[in-house]
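The chain contents come next:
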Amino acid sequence: MASLLGVLFDGVTYGSLLFLIGMGLSVTMGLMNFINLAHGAFAMLGGYVAVVAMNRFGVPFLAALPLAFAAAALVGGLFERTLYRRLYRASHLDQVLFSIGLTFMAMAGATWLFGPGQQPVTLPAFLLGQIKLGGLELGAYRLFLLAIVVVITLSLGWLVARTRFGAQVRAAVDNQQAASGLGIDVGRVFSLTFALGSGLAGLGGALGIDVLGLDPTFPLKYMVYFLLVVAVGGAGSIRGSLVAAIVLGVADVAGKYYVPEVGAFVIYAMMVLLLVAFPAGLYGRRAA
């Protein structure tokens, strides 16, 4: 029983990390109808910013996290203004080719700057070891990750549902032309949303170094997982992305723990079953 709860906890934590990184991709695809396969590159950027800040400049781990978010958000906003905006009306094939090319450029740049190996990270002492909860030993760092994701999820829900900016985002999602007619600067909303999604990816990349690892192949290695979160949850849905990430995270960890001989087959089988049952995603909207 204890091992079952431990696997469940690890799966929820893993899924929460996938949600944090994949949330920006979900919003980008749902709001802008842009297939950004380079989303993982922004997560990798955040991870490398955190590693450089800690290992070369002695920045504490907790202080490096906002730096990772800010760097990824800044680069994401800059790229949206200069590159992505030019392809909003392009075909999905053009978007895929552009973003996958950007991914390979980011991987080549990371290899040239940091080498092909895994990047080390030293966690603070209070995040190491185990914590006993109800007779179950849980990793301190995984509990920290889970707490961070809960806070961010609640904050995102509040931002979308309770703020003026959230109302503008929802209006732009429903009808861009009508939103523009009401005086909403849709381009500005897109830029801020893209920067926010990129920043969350960068934060997730920094938080995931100890769990997912960090090397130049990161954007390709986890691209499929981020796309699974979006496809199963429904593009543009925070709730759907969270539920999908948790379900897929638990399925992946449980599959690798109980039936390691089949590898990642379990998560793909789960994806197929969910998409057959929910073709538009768990909380997605069917096309009219």
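Scroll up for the structure.
The rules behind these values
Residues numbered from 1 in each chain as written. Predicted model: local features only at pLDDT ≥ 70, side-chain atom pairs only at ≥ 80, totals over all residues. Heavy atoms only, no water. Helix = DSSP H or I, 4+ residues; strand = E, 2+ residues; numbered from the N terminus. Rg over C-alpha atoms; globule rule 2.2 N^0.38 Å. Buried < 20%, exposed > 50% of the residue type's maximum accessible area, 1.4 Å probe, protein only. Contact = heavy atoms within 4.5 Å. Areas by Shrake-Rupley, 256 points an atom, 1.4 Å probe, with all protein chains shown as cover. Patch = residues over 30% accessible without salt bridge, like charges linked within 9 Å, V, L, I, M, F, W, Y side chains within 5 Å. Salt bridge = Lys/Arg side-chain N within 4 Å of Asp/Glu carboxyl O. Axes fitted to C-alpha atoms, helices over the stretch in contact; angles between N-to-C directions. Parallel < 35°, antiparallel > 145°, perpendicular 65-115°, else oblique. Left-handed = near helix turned anticlockwise from the far one by under 90°. Core = buried A, V, L, I, M, F, W, Y, C linked by side-chain atoms within 4.5 Å. Phe/Tyr/Trp six-rings, centres within 6.5 Å; stacked < 30°, edge-to-face > 60°. Arc of directions from axis to C-beta.

Focus on the overall build of the chain
1) Next: Of regular secondary structure, the chain possesses 13 helices and two strands.
2) Next: Expected size for 288 residues packed as a compact globule is a radius of gyration near 19 Å; at 19 Å, the chain falls within 12% of this value.
3) Next: Along the three orthogonal principal directions, the C-alpha set of the chain runs to about 60 × 45 × 35 Å.
4) Next: Considering the chain as a whole, with its 288 residues, one finds that 49% of them fall into the buried category.
5) Next: A separation of at least 24 residues holds for 75% of the contacts in the chain among residues at least 6 apart in sequence.
6) Next: In the structure as shown, the chain presents an accessible area of about 13,800 Å², 67% of it carried by carbon and sulfur atoms.

Structural notes on a nonpolar patch on the surface
1) Next: On the surface, Leu4, Tyr257, Tyr258, Val259, Val262 and Phe265 cluster together to form a nonpolar patch covering roughly 580 Å² of accessible area.
2) Next: In this structure, valine 262 sits in the loop between helix 12 (238–258) and helix 13 (265–277).
3) Next: Classification of valine 262 as partly exposed rests on a relative accessible area of 37%.

Side note on the packing of helix 2 (residues 39–57) against helix 8 (residues 186–207)
1) Next: Contact geometry for helix 2 and helix 8: axes closest at 6 Å, N-to-C directions at 55 degrees. The orientation of helix 2 relative to helix 8 falls into the category oblique. Seen along the crossing, helix 2 lies across helix 8 with a hand that is right-handed. Across from His39, Phe42, Ala43, Gly46, Gly47 and Ala50 in helix 2, the residues of helix 8 making contact are Phe194, Gly197, Ser198, Ala201, Gly202, Gly205 and Ala206.

Focus: the packing of helix 11 (residues 223–233) against helix 12
1) Next: Two elements in contact, helix 11 and helix 12, have axes whose closest approach is 8 Å; the angle formed by their N-to-C orientations is 125 degrees. The angle between the axes of helix 11 and helix 12 places the two elements in the oblique class. As for how helix 11 packs across helix 12, the hand of that crossing is right-handed. Two secondary-structure elements touch here, helix 11 through Tyr225, Leu228, Val229, Val232 and Gly233 and helix 12 through Gly240, Ser241, Ala244, Ala245, Leu248, Asp252 and Lys256.

Description of the nonpolar core
1) Next: Of all hydrophobic cores here, the largest spans 73 residues; its most connected members are Phe61, Tyr84, Tyr141, Leu207 and Phe218.
2) Next: Ranked by residues supplied to this core, first place goes to helix 1 (residues 2–32) with eleven residues.

Comments concerning the pattern of salt bridges
1) Next: Using the criterion set out here, one finds four salt bridges in the structure.
2) Next: A salt bridge links lysine 256 to aspartate 252, with the shortest nitrogen-to-oxygen separation between them at 3.3 Å. Remark: aspartate 252 and lysine 256 occur in helix 12; sequence separation between them is four residues, near one turn of the helix.

Regarding the packing of aromatic side chains
1) Next: Scanning all chains against the criterion turns up 14 aromatic pairs.
2) Next: Ring centres of phenylalanine 218 and tyrosine 222 lie 5.1 Å apart, and the angle between their planes is 45 degrees; on these two criteria the pair is classed as tilted.
3) Next: Of the residues examined, phenylalanine 218 reaches a relative accessible area of 2% and is grouped as buried.
4) Next: A network of ring pairs unites the aromatic residues Phe34, Phe42, Phe79, Tyr84, Tyr88, Phe98, Phe190 and Phe194 as a single cluster.

Examining the environment of isoleucine 100
1) Next: Within the element layout of this structure, isoleucine 100 appears in helix 4 (residues 92–114).
2) Next: For the pair isoleucine 100 and leucine 37, spaced 63 residues apart in sequence, the C-alpha separation works out to 5.7 Å.
3) Next: Beyond its immediate stretch of four places on either side in the chain, isoleucine 100 contacts Leu37, Leu220 and Met223.

A short note on helix 6 (residues 164–174)
1) Next: Inspection of helix 6 places Phe165, Gly166, Gln168, Val169 and Ala172 among the buried residues, and these make up the whole buried set. The arc that holds every buried residue of helix 6, seen down its axis, measures 160 degrees, which confines them to one face. Residues of helix 6 that are exposed and point more than 90 degrees away from the buried face comprise Arg164 and Asp174.

Remarks on the environment of glycine 255
1) Next: The topology assignment puts glycine 255 in helix 12.
2) Next: Each C-alpha atom, one on glycine 255 and one on alanine 269, is 11 Å from the other, the two residues being 14 residues apart in sequence.
3) Next: Residue contacts for glycine 255: discarding those within four places in its chain leaves Pro260 and Val266.

Observations concerning the environment of isoleucine 148
1) Next: Tracing the sequence through the fold places isoleucine 148 in helix 5 (residues 140–162).
2) Next: Take isoleucine 148: its relative accessible area is 24%, and that puts it in the partly exposed class.
3) Next: Expressed as a C-alpha distance, the spacing of isoleucine 148 and leucine 17, which sit 131 residues apart in the sequence, is 9.6 Å.

Looking at the side chain of serine 198
1) Next: Within the secondary structure, serine 198 sits in helix 8.
2) Next: On the accessibility criterion, serine 198 (3% relative accessible area) is buried.
3) Next: Residues in contact with serine 198, not counting those within four places in the same chain, are Phe42, Ala72, Ala73 and Gly76.

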